[in-house]
Amino acid sequence: MFSYLSKKQASTAIILTLLVFMLHYGFSLLFPGYLYLEEASDLIAIAAQSGAIGFQLAGARYLVARLKRTFKDEFPAVPGRGGGDCPYMAARSVLCNRAHYIAFIAAFLSPFIVITLVSLQPDSAPRHLLSLASRSIPGLTFDVFNYGTAYANYWLLGTIAWILLGVVVALNGMEGAGCSVYDAVDIYSPDRIGGLSPVRRYLMSALSIFLISIALLVMGYINLLESFIGSSQGLFHFFFDVIAEICVFSVLSLSGVALTVVGLNRLSAICLKKIEDRVNAVNERCRTFQENLFSFSPDELERRGDEVGSLKLVVEALSDERERLLQRYSDYNRFNARMALRIFVAYIPPLVTIAFQVSQLLPRLRV
């Protein structure tokens, strides 16, 4: 991933991660009675939260930097109004639509905003705001820093989700943009997806970055849930926001997988449509030659033996080509166990972290 980023971009992500971590650590030293940093889980939590913001920043920049290479340099040549730039411009027109991006981010952040507002009700606000608990300017500074970092992470996660969504939408809208995508497909390509493997790799990269980001954000609640298990505040009171956000992250992770599957199915549909068109063309040509062959009378069949033999060879060749195309269609339409395994492997980080958090809650739920 870092190979696609400039040294400045990579350095910015690393420095930002270290800065956020050091600020978290500094506030824990400033308020030892409120911000505990004694157990290994405490360090893991702030390291995950700090690492998430740097990783997501680098991941979003990586996806943006790789977009042109995927949809222009590596994409099969596409005839259309935009020429070779057509797929890239179609993807860029979706991703660079500022109004749609703002609307999507607003919708993406809305569950987190609702959770924050609920947790900051007058009876529970002192437990979530250090400024009210400590009644100090440094406490207010920490609250601004803490919520600013959290929503920066949510915004970056939403940006990655927007890129993933935009690519899927662009794949569905390329024909409307004047891109003859079907004409660019090579059904005999060794990648078994019509030469569109660069787009498939891009989708899987976006999904992996999205899921790893969710895993890092969920890991940031390790220390909170451990302290929650030993508290007596009630299951949905003190740590309502933690439980609710883990539920939101679970839904988002499944949504990311579903969106990727839709994109992969779209790529397969493009290839299948190209094969269907090729089969129909072969059938039409085969029908034409067969009609010519059947139009000969018995006397003409004997008299024009060479021509009849040539027609038979052409019909046989077309029949063989049709069978190969139908076999290829069956292969493309078959369940892809290898791709399913890759998606499952990509889903392991959030699955493990969410399962770990849920396993801490289960003993409390049984009490």
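Residues numbered from 1 in each chain as written. Predicted model: local features only at pLDDT ≥ 70, side-chain atom pairs only at ≥ 80, totals over all residues. Heavy atoms only, no water.

**Q** What exactly am I supposed to notice about the nonpolar core here?
**A** Membership of the largest hydrophobic core comes to 78 residues, with the highest contact counts inside it found for F71, F249 and L252. Take this core: its biggest share by element is 16 residues, from helix α11 (residues 240–294). Among residues more than four places away in sequence, those in contact with F249 are F112, Y154, L157, I214, L217, V218 and Y221. Within the second largest apolar cluster, eight residues are counted, among which are V20, F27, L57 and F142. (Core = buried A, V, L, I, M, F, W, Y, C linked by side-chain atoms within 4.5 Å. Buried < 20%, exposed > 50% of the residue type's maximum accessible area, 1.4 Å probe, protein only. Helix = DSSP H or I, 4+ residues; strand = E, 2+ residues; numbered from the N terminus. Contact = heavy atoms within 4.5 Å.)

**Q** In this structure, what is going on with the pattern of salt bridges? I would like to understand it.
**A** Once their charged atoms are close, side chains differing in charge can pair, the charge on each being opposite to the other. With the rule as written, the count across this model stands at three salt bridges. With a shortest N-O distance of 3.0 Å, D277 and K273 are connected by a salt bridge. In this pair, D277 and K273 both sit in helix α11, four residues apart, roughly one turn of the helix. When its relative accessible area of 32% is taken as the criterion, K273 is described as partly exposed. For R324, the salt bridge goes to E321, with nearest N and O atoms at 2.7 Å. Separated by three residues within a single helix, R324 and E321 lie in helix α13 (residues 305–332), roughly one turn from each other. Note on R324: relative accessible area 47%, which makes it partly exposed. (Salt bridge = Lys/Arg side-chain N within 4 Å of Asp/Glu carboxyl O.)

**Q** Where do I start with the confidence of the model for the protein in this structure?
**A** In low-pLDDT segments, the atomic positions of the prediction should not be examined closely. Summing up the model confidence of the protein, the mean pLDDT is 80 and the portion of residues at 70 or higher is 78%. Here helix α10 (residues 222–229) stands out as the least confident element of the protein, with mean pLDDT 48; helix α9 (residues 197–219) is the most confident, with 93. The model gives residues 225–237 a pLDDT under 50, and that stretch makes 24 contacts with residues more than four places away or in other chains. (pLDDT = per-residue confidence, 0-100.)

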